[in-house]
Amino acid sequence: MRQEKLPAIGFFEKYLTVWVALCMVVGILIGKYLVFIPNFLSRFEYANVSIPVAILIWVMIYPMMMKVDFQSIKNIKNNPKGLYITWVTNWLIKPFTMYGIAAFFFYVVFKSIIPAHLAKDYLAGAVLLGAAPCTAMVFVWSHLTKGDPAYTIVQVATNDLIILIAFTPIVAFLLGVSGVSVPWETLMLSVILFVVIPLTAGIMTRLSVIKNRGEEYFNDSFLPRFNNITIAGLLLTLIIIFSFQGKVILENPLHIFLIAIPLTIQTFLIFFIAYLAAKLLKLPHNVAAPAGMIGASNFFELSVAVAIALFGTSSPVVLATIVGVLVEVPVMLVLVKIANNTTGWFDDKA
């Protein structure tokens, strides 16, 4: 496979949890003392979708989709075992373990702390996270664990295609089991808005720029221009969301910590399922590590976007998906350390 140079974790990404916490504070203060701002923004909605937030989410997702090289899919036959692990873990295991773990904690362990109506909403948010495995930050996690970059691209490319087919029915099924009624049309519209459109735009942009200027220019000059734009879009989105979420957070500050517990447990569980499966199948470490990372990490941008489209910016469901953003980086960095300390488990001559 052709080798790709992937970037190390950037300053903003490394301290993403800090930025999210700061956005939470700023957003809550705006919601409490500058109420006219969220009131004004709430006027710009269509079918329960906040237009300003939708635009910012497109700003976030579009550059990520440009990074995916779908031409790499032709290399599937070179080493399919790692891809089988990725597909099975991400789509046949992860959504259902997320539902089970979150339901156990929200309905049983935290029953006396979290009211039933909020537990139901938090579970819905966890379901959205569980059904959206990572497509962007996994490039960084792969790089930090010395993963095979070309193989990681194949994993991400195939994962993005599966999202188009599997995300909607899995979410609809698990939300239905949770007692949350979601119209299929709304869910499918969310996928079209926040996956199909930015994915198509990303593919077209990638092909056009590479055709006219070359792949080296695209990777070294064109893509880096969007790094700060993506981060700015994420932070502004979070500030807006937290300005709507202020009341829920101020009334239930402990809930953020409680939501983080099952999400963290799920992350470790999924990583080790994929990582140990790769060990049993005698895959090299540079394939096993990315296979574990792609399922453990979440496509939280999609989860937040769909939560907003389905339930509105002020819903506790959105808060649960944002907690996923809050815990993402520190937990994944721990898993990176674990992966790097266990290279001896694998025979890299495999």
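Bear in mind that the values here come from a model prediction, so they are computed numbers and not experimental data.

Undergrad: Looking at this structure, how should I read the overall build of the protein chain?
TA: Along its length, the protein chain carries 15 helices and 2 strands. Since a compact globule built from 350 residues should have a radius of gyration of about 20 Å, the 19 Å found for the protein chain is in line with a globular shape. Expressed along its principal axes, the backbone C-alpha trace of the protein chain runs to roughly 55 × 50 × 35 Å. Every one of the 350 residues in the protein chain was classed for burial, and the buried ones make up 57%.

Undergrad: Which parts of the structure should I look at to understand the packing of helix α4 (residues 51-66) against helix α14 (residues 300-311)?
TA: When two helices pack together, their arrangement is given by the angle between the helix axes and the distance between those axes. Packing of α4 against α14 leaves a shortest axis separation of 10 Å and a crossing angle of 155 degrees. In terms of axis orientation, α4 runs roughly antiparallel to α14. Here α4 and α14 pass one another in a crossing that is left-handed. Along the contact surface, α4 presents V53, I57, M60, I61 and M64, while α14 presents E301, L302, A305 and I308. Residue classes in the contact of α4 with α14 are distributed as 8 nonpolar, no polar and 1 charged.

Undergrad: In this structure, what is going on with helix α15 (residues 316-341)? I would like to understand it.
TA: Each α-helix winds once per 3.6 residues, and so residues spaced three or four apart point in a common direction. Across its 26 residues, α15 extends 38 Å between first and last C-alpha, which sits within 8% of the 38 Å expected from 1.5 Å per residue. Along α15, the sharpest change in direction is near 40 degrees and occurs at E328; proline P330 comes one to four residues later. In terms of burial, α15 is a largely internal element, 19 of the 26 residues being buried. Regarding α15, its N-cap is S315, as a side-chain oxygen of that residue lies 3.1 Å from the backbone nitrogen of V317 further along.

Undergrad: Would you explain the environment of P38 in this entry?
TA: Positionally, P38 belongs in helix α3 (residues 36-41). Taking the C-alpha atoms as reference points, P38 and V171, 133 residues apart in sequence, are found 29 Å from one another. Sequence-distant contacts of P38, that is, excluding residues within four places in its chain, are made with I30, G31, S243 and F244.

Undergrad: Please clarify how the packing of aromatic side chains should be interpreted in this entry.
TA: Given two aromatic rings, one states the distance between the centres and the angle between the planes to describe the pair. Across all of its chains, the model carries 11 aromatic pairs by this definition. With a centroid separation of 5.6 Å and 80 degrees between ring planes, the pair formed by F104 and F105 is classed as edge-to-face. With a centroid separation of 5.1 Å and 80 degrees between ring planes, the pair formed by F271 and F272 is classed as edge-to-face. Members of the aromatic cluster, joined through ring pairs, are F271, F272, Y275, W345 and F346.

Undergrad: What should I look at first to understand unusual backbone geometry in this one?
TA: Most peptide bonds adopt trans geometry, and most residues besides glycine take a negative phi value. Positive phi outside glycine occurs at K146, with the angle close to 55 degrees. Residue classification places K146 among the exposed residues on the basis of a relative accessible area of 68%. Here the phi dihedral of K282 falls at roughly 60 degrees; this positive angle occurs in a residue that is not glycine.

Undergrad: Which parts of the structure should I look at to understand the pattern of salt bridges?
TA: Note on pairing: side chains with opposite charge can pair once their charged atoms come close. Counting across every chain of the model gives 1 salt bridge. In this structure, E215 engages R206 in a salt bridge whose closest nitrogen and oxygen atoms are separated by 4.0 Å.

Undergrad: I would appreciate a short explanation of a nonpolar patch on the surface in the present structure.
TA: Side chains of L161, L164, I165, L189, I192, V196 and I197 sit close together on the surface and give an oily, nonpolar patch of about 560 Å² of accessible area. The set of elements that each furnish at least two residues to the nonpolar patch consists of α8 (149-177) and α9 (184-213). Tracing the chain through its elements places L161 in helix α8.

Undergrad: Quick question: what am I supposed to make of the side chain of T86 here?
TA: Here T86 is to be found in helix α5 (residues 80-109). Take T86: its relative accessible area is 0%, and that puts it in the buried class. Filtering out sequence-adjacent residues up to four positions away, T86 remains in contact with Q155, A291 and I294.

Undergrad: So what exactly am I meant to see when it comes to helix α12 (residues 254-280) here?
TA: For α12, spanning 27 residues, the distance from its first C-alpha to its last is 40 Å, which sits close to the expected 39 Å at 1.5 Å a residue. Residue K282 follows α12 closely and has a positive phi angle near 60 degrees.

Undergrad: It is not clear to me how the confidence of the model for the protein chain should be interpreted in this structure. Could you clarify?
TA: Any residue range with low pLDDT should be treated as having predicted coordinates unsuitable for detailed reading. In the predicted model, the protein chain carries a mean pLDDT of 83, and the fraction of residues at 70 or more is 91%. No element of the protein chain has a lower mean pLDDT than helix α1 (residues 11-14), at 66, and none a higher one than α12, at 94. Ignoring residues within four places in sequence, the model shows residues 1-6, a span with pLDDT below 50, making 18 contacts including any to other chains.

Undergrad: Sorry, what's going on with the nonpolar core here?
TA: Generally speaking, a soluble globular protein has its nonpolar side chains buried in company with each other. Ranked by size, the top nonpolar core spans 118 residues in total, and within it F106, Y122, F167, F194, F242, M293 and L302 carry the most contacts. Take this core: its biggest share by element is 15 residues, from α15. Among residues more than four places away in sequence, those in contact with F167 are W91, L128, A131, A132, I162, L187, V191, L302 and V306. Membership of the second largest hydrophobic core comes to 7 residues, among which are M66, Y217, L223 and F226.

Rules used throughout
Residues numbered from 1 in each chain as written. Predicted model: local features only at pLDDT ≥ 70, side-chain atom pairs only at ≥ 80, totals over all residues. Heavy atoms only, no water. Helix = DSSP H or I, 4+ residues; strand = E, 2+ residues; numbered from the N terminus. Rg over C-alpha atoms; globule rule 2.2 N^0.38 Å. Buried < 20%, exposed > 50% of the residue type's maximum accessible area, 1.4 Å probe, protein only. Axes fitted to C-alpha atoms, helices over the stretch in contact; angles between N-to-C directions. Parallel < 35°, antiparallel > 145°, perpendicular 65-115°, else oblique. Left-handed = near helix turned anticlockwise from the far one by under 90°. Contact = heavy atoms within 4.5 Å. Nonpolar A, V, L, I, M, F, W, Y, C, P; charged D, E, K, R; others polar. Expected span 1.5 Å × (residues − 1). Bend = angle between axes of the 7 residues up to and from the residue. Polar contact = N/O pair within 3.5 Å; in protein donor to acceptor, adjacent residues only side chain to side chain. Phe/Tyr/Trp six-rings, centres within 6.5 Å; stacked < 30°, edge-to-face > 60°. Salt bridge = Lys/Arg side-chain N within 4 Å of Asp/Glu carboxyl O. Patch = residues over 30% accessible without salt bridge, like charges linked within 9 Å, V, L, I, M, F, W, Y side chains within 5 Å. Areas by Shrake-Rupley, 256 points an atom, 1.4 Å probe, with all protein chains shown as cover. pLDDT = per-residue confidence, 0-100. Core = buried A, V, L, I, M, F, W, Y, C linked by side-chain atoms within 4.5 Å.

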